[in-house]
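# Commentary on secondary and tertiary structure
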Amino acid sequence: MPVDYKYLSELLFPNVTMTEKELEEKYPPRDLPEGAKVTRFAPSPTGFVHFGGLFPSVVGERLAHQSGGVFYLRIEDTDSRREVEGAASALVRTLSHYGISFDEGVTEDGESGNYGPYKQSARAFIYHVYAKRLVAEGRAYPVFSTDEELEEIKTADKKAELKSVNWETDASARREAMFARRNFTIEDVERELSAGHKFALFAIAEGDGTRKRKVNDLVRGDLELPENDEDVVLLKSDGIPTYHFAHVVDDHLMRTTHVIRGEEWLPSLPKHLQLFSYMGWKPPKYIHISQIMRLDADGSKKKLSKRDMGANLDDYSRLGYCPCAVIEYVMTLLNSNYEEWRVQNPDKDYTEFPFNVKKMSSSGCLFDMKKLDDVAKNVVSRMTAEEVYENFLEWAKTYDPDFAALLGDRDYALSVICIGRGGKKPRKDYGTWLELRSYMEPFYDETFKVEDEYPENIDRGDIKGALTAFLESYDHNDDAGAWFEKVKAICAPLGYCADMKEYRASPEAYKGSVADISMMIRVAVTGRMNSPDLYTVMHIIGEERSLARVRSMINKL
RNA sequence: GGCCCGUUGGUCAAGCGGCUAAGACACCGCCCUUUCACGGCGGUAACGCGAGUUCGAUUCUCGCACGGGUCACCA
């Protein structure tokens, strides 16, 4: 006897009171200008935002805001087992730190917008309306499980199970099981229900897996994917939907026009398309982003995972990468012509760049910390001294409070930051605040230390002689030219060459050059072999402290 | 294993039937230079393999190889 689906749907969902019509009215199509895109970032709150998570969020944000559309945040918390406490609000905070802001959706302490709730766990009543309809249409059926079976599902380590699976026999076994599940009578259902058993809801797959269907991805173009021939779980036995069902219902109701997600979803796209077709809804456009990879020790590419350096966004904060530098790097990876645009528009905000989906790469890329560093240096070199100061101070307050205290003398700090800043060829000494911290150490007595030893082959007596001579002739009022003339004057008596050209012509005739003499002074004053222009440095540090360091060095030798 | 996606120098990548195959990072050399940084110039280095289509393939087609993804009441 054929199953009465209408009756079955009442049996399964007796408490559904809302109608689809009501939902359509509650969440009407958005009133937006032609071409405006509605995108979303829809993470599951299983931890903290990961570098890879920046990609879909930046793409979504750009696409929406560039087109005058809407960008919203939806939390996909349909798996309570994996949910991490506080992850959602941490997520909002992190993204906002990176300058990614949402027009609606989950916020740090609640949510805003007319298309909510934006947490899937709070949307069960919505999903059930559509689930009920699919049952009534004979397109979905329940599968009952006893508590013991559910317990088993919960504890089974699916990953480990899959590894030891025999794919050949398993595939046919699963098909058989699938057909077996589809066979049931109303009496079975009534019996299970009265026994208090929970059910999961499956959608019947009507596709033919041997037939291909052309589907479009905005980045990859036309793809040939097999039709879906696997029954998908719509609702888990706790009544909460799986990703597949939630995606279809939510993105329809929230009127998403473009779904941006990782390429790991590509294989399940036929499932989603089938569900959209069952529901009679127009599917959104899809953009599947490739994964960010890292180089494994054995030389192979691996997905950038949480534990990898550079994966956790907290690493960037700790190291003091300006969020805008990280975004800048993401942009270079996202759109191949971004760097070119940046060269032509050094002072524009990245949001002025015409982001183009067609310029996105369809092959996964390797995370390159060196490139990030280069980008960061460029970003910092383009900032004003004030911007650098403010950002650096902010960073230091949480990561190096002692140093932050030193930065209290704003003008002094600015004078250091100003070295080589601006102009056509700005210095690029540091790309991170941690690097800047190190760069600034010589400028404060509290952090000054002699880090670089004089090379072994330099005569200690010469150093002492040079430093002493330097002190004797030093006049703080000298200009840079006069100052250097005096340094040159130290050379000859010690057997060093004051003229570099001459020295290079016959190095064997001298013990060294003015470069060596300068180095001797440099190490004494800054504690390092390398520094920006020494005259400038000494005038920032001041006469008294500079000379004190030189004297102290003489005494140590 | 089935299915899907991908494959241009060490890395990110332009290219969309005819090019000495861009550019950026990294690396090396030279120049500038008192060191460093900046800047300038130059260099090493690539179309995975094999068929086919074509007058001509990095570009189109098909195999293969390799890499990645996926096959849960996870997302």
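Rules and cut-offs
Residues numbered from 1 in each chain as written. Chains lettered and ligands numbered in written order. Predicted model: local features only at pLDDT ≥ 70, side-chain atom pairs only at ≥ 80, totals over all residues. Heavy atoms only, no water. Helix = DSSP H or I, 4+ residues; strand = E, 2+ residues; numbered from the N terminus. Buried < 20%, exposed > 50% of the residue type's maximum accessible area, 1.4 Å probe, protein only. Contact = heavy atoms within 4.5 Å. Areas by Shrake-Rupley, 256 points an atom, 1.4 Å probe, with all protein chains shown as cover. Lys, Arg positive; Asp, Glu negative; His and termini not counted. Charge placed at Lys NZ, Arg CZ, Asp CG, Glu CD. Phe/Tyr/Trp six-rings, centres within 6.5 Å; stacked < 30°, edge-to-face > 60°. Near = heavy atom within 4 Å. Polar contact = N/O pair within 3.5 Å; in protein donor to acceptor, adjacent residues only side chain to side chain. Nonpolar A, V, L, I, M, F, W, Y, C, P; charged D, E, K, R; others polar. Pairing = 2+ DSSP bridges. Axes fitted to C-alpha atoms, helices over the stretch in contact; angles between N-to-C directions. pLDDT = per-residue confidence, 0-100. Core = buried A, V, L, I, M, F, W, Y, C linked by side-chain atoms within 4.5 Å. Expected span 1.5 Å × (residues − 1). 1 Å grid on protein atoms, 1.4 Å probe; cavity = no way out; pocket = protein on both sides within 12 Å on 5 of 7 lines; lining within 4 Å. Points joined across faces, edges and corners; volume = space filled by probe spheres on them. Domains from an automatic or database assignment.

A separate point is the overall build of chain A. What chain A contains, in helices and strands, is 25 helices and 16 strands. Reported as C-alpha extents along the three principal axes, the dimensions of chain A are approximately 115 × 50 × 40 Å. For chain A, the residues scored as buried account for 48% of the 557 residues in total. Expressed as a percentage of contacts within chain A between residues at least 6 apart in sequence, the contacts between residues at least 24 apart total 74%. Only carbon and sulfur atoms are counted for the fraction: they give 50% of the accessible area of chain A, which is about 27,700 Å². For chain A, the distance from the average site of its 74 positive side-chain charges to the average site of its 93 negative ones is 3 Å.

Attention now moves to the packing of aromatic side chains. Within this structure, the stated rule accounts for 32 aromatic pairs. On the basis of an interplanar angle of 85° and a centroid distance of 4.9 Å, the ring pair of Tyr-338 and Phe-353 is categorised as edge-to-face. Of this pair, Tyr-338 sits in helix 14 (residues 338-344) while Phe-353 sits in the loop between helix 14 and strand 14 (365-366), placing them 15 residues apart in sequence. Grouping residues by exposure puts Tyr-338 and Phe-353 together as buried. One aromatic cluster is present, formed by Phe-392, Trp-395, Tyr-399, Phe-403, Tyr-412, Trp-433 and Tyr-444 through successive ring pairs.

If you check the shell around RNA strand B, you find 63 residues, and the closest are Ser-145, Arg-220, Lys-236, Lys-371 and Arg-427. Taking all atoms of RNA strand B within 4 Å of the protein, the share assigned to sugar and phosphate is 66%. Here Ser-237 contributes a backbone N or O atom positioned 2.5 Å from a base oxygen of RNA strand B. Pro-426 places a polar main-chain atom, nitrogen or oxygen, 3.1 Å from a sugar or linking oxygen of RNA strand B. Elements with a minimum of two residues in the surface near RNA strand B: helix 6 (147-155), helix 7 (158-163), helix 8 (167-182), strand 8 (221-226), strand 14, helix 15 (369-382), helix 22 (500-505) and helix 23 (514-526). Among the residues forming the surface near RNA strand B, the class breakdown is 24 nonpolar, 12 polar and 27 charged.

On to the side chain of Ser-145, then. Looking at the element boundaries, Ser-145 is found in strand 5 (residues 140-145). Residue Ser-145 is classed as buried on the basis of its relative accessible area of 12%. Excluding its chain neighbours within four sequence positions, the residues that come into contact with Ser-145 are Leu-150, His-197 and Lys-198.

In terms of strand pairing, strand 7 (residues 212-217) meets strand 8 through six bridges, oriented antiparallel. Residue pairing across strands places Asp-217 opposite Gly-221, the latter belonging to strand 8. Counted between consecutive antiparallel strands, the loop separating strand 7 from strand 8 contains three residues.

Taken together, four strands build an open sheet; the order of strands is 1-2-3-4 and the sheet is mixed. Each edge of the sheet is formed by a strand with only one pairing partner; in this case those strands are strand 1 (38-41) and strand 4 (110-112). Within the sheet, the average angular offset between the axes of one strand and its neighbour, ignoring direction, is 20°.

The next thing to look at is unusual backbone geometry. Note the cis peptide between Gly-116 and Pro-117, where omega equals 0°. Relative to the helices and strands, Pro-117 is located in the loop between strand 4 and helix 5 (124-136). In this structure, Arg-255 takes a positive phi of about 60° despite not being glycine. Of note, Arg-255 is situated in the loop between helix 10 (243-253) and strand 10 (258-262). The exposure class of Arg-255 is buried, given its relative accessible area of 15%.

Attention now moves to the sheet that holds strand 6 (residues 198-203). Backbone hydrogen bonds are what pair the strands of a sheet, in a parallel or an antiparallel way. Strand order in the open sheet formed by three strands is 5-6-9, with antiparallel pairing between adjacent strands. Each edge of the open sheet is held by one strand with a lone partner, namely strand 5 and strand 9 (232-235). Strand-to-strand twist across the sheet, computed as the mean angle between neighbouring axes with direction ignored, equals 45°. Where strand 5 lies against strand 6, six bridges are found, and the strand directions are antiparallel. Bridging from a neighbouring strand, Ser-145 pairs with Lys-198 of strand 6.

Mean pLDDT over chain A stands at 92; residues scoring 70 or higher make up 98%. Averaged over each element, pLDDT in chain A is lowest for helix 7 (65) and highest for helix 10 (98). We note a pTM of 0.92 for the whole complex and an ipTM of 0.94 for its interfaces.

This part covers the nonpolar core. Phe-51 and Met-440 are the most contacted members of the largest nonpolar core, which has 161 residues in total. A per-element tally of this core places helix 23 first, with eight residues. What Met-440 contacts, discounting residues up to four positions off in sequence, is Phe-392, Phe-403, Leu-407, Ala-413, Val-416, Ile-417 and Thr-447.

A separate point is helix 8. For helix 8, which comprises 16 residues, the first-to-last C-alpha distance of 23 Å matches the rise-based estimate of 22 Å (1.5 Å per residue) to within 8%. Its side-chain oxygen at 3.1 Å from the backbone nitrogen of Glu-168, Asn-166 defines the N-terminal cap of helix 8.

Moving on to empty space enclosed by the protein. Counted by the stated rule, this structure contains two cavities of 30 Å³ or more. Quantified by volume, the largest cavity comes out at close to 90 Å³. Lining the largest cavity we find Lys-377, Val-380, Ser-381, Ile-419, Gly-420, Arg-421, Pro-426, Arg-427, Lys-428, Asp-429, Tyr-430 and Tyr-439. Counting residues per element, the lining of the largest cavity draws most heavily on helix 15, which supplies three residues. When its residues are assigned to classes, the lining of the largest cavity shows five nonpolar, two polar and five charged. Both domains that furnish three or more residues to the lining of the largest cavity are identified here as domain 2 (295-354 + 367-381) and domain 3 (385-443). Empty space within the second largest cavity amounts to approximately 30 Å³. Lining the second largest cavity, in full, are Glu-441, Pro-442, Thr-447, Phe-448, Lys-449, Glu-451, Thr-526 and Arg-528. Tallied by class, the residues present in the lining of the second largest cavity amount to two nonpolar, two polar and four charged.

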